[in-house]
Amino acid sequence: MSATRTASDQITAEVTSWPGVHAGPGRRGEFAFKVGAREIGHLHGDRAAHFGFPKAVWAELFEEGRIGEHPVFPGRQGPGARAIRDADDVRDVIALMRLNYDRVVAAHGLPENES
């Protein structure tokens, strides 16, 4: 018998497989993914993902319809949100996390304790 994994389970399995990524609950009910001390995004259950991007990257992703405004910061470029409704959303949330992961690793490298 095969059980269907939830969106958050699928995202967590993929993102935590990348070198240097650790994940865990945050202070506001979110489940955050970090490389060292730098967050690359977080989940609110199986329904939404939130990210922080440089303004130019945010504007491009927003224009493409891949993210929307963050509900806590409406009208502000940088914080972004992505609803999770289906398998396409799961794949794109993973891709958006990877975009931030690649940016963090390029700028700061992997944490020293990463083996």
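Here the structure is a predicted model, which is why all the values come from computation and not from measurement.

Description of the pairing of strand S4 (residues 48-52)
Looking down a regular strand, the side chains alternate between one sheet face and the other. In terms of burial, S4 is a largely internal element, four of the five residues being buried. Pairing analysis gives three bridges linking strand S3 (residues 38-44) to S4, with the strands arranged antiparallel. Counted as the bridge partner of His44 is Ala48 from S4. Pairing of S4 with strand S6 (residues 79-83), which is carried by five bridges, proceeds in the antiparallel orientation. Considered in S6, the bridge of Gly52 is made with Pro79.

What to know about the sheet that holds strand S2 (residues 31-35)
Neighbouring strands of a sheet are bound in pairs by backbone hydrogen bonds; such pairs are parallel or else antiparallel. Spatial ordering of the open sheet is given by S1-S2-S3-S4-S6-S5, a layout of six strands whose pairing is antiparallel. Of all strands in the sheet, those with a lone pairing partner are strand S1 (21-25) and strand S5 (68-69), marking the two edges.

Rules and cut-offs
- Residues numbered from 1 in each chain as written.
- Predicted model: local features only at pLDDT ≥ 70, side-chain atom pairs only at ≥ 80, totals over all residues.
- Heavy atoms only, no water.
- Buried < 20%, exposed > 50% of the residue type's maximum accessible area, 1.4 Å probe, protein only.
- Helix = DSSP H or I, 4+ residues; strand = E, 2+ residues; numbered from the N terminus.
- Pairing = 2+ DSSP bridges.

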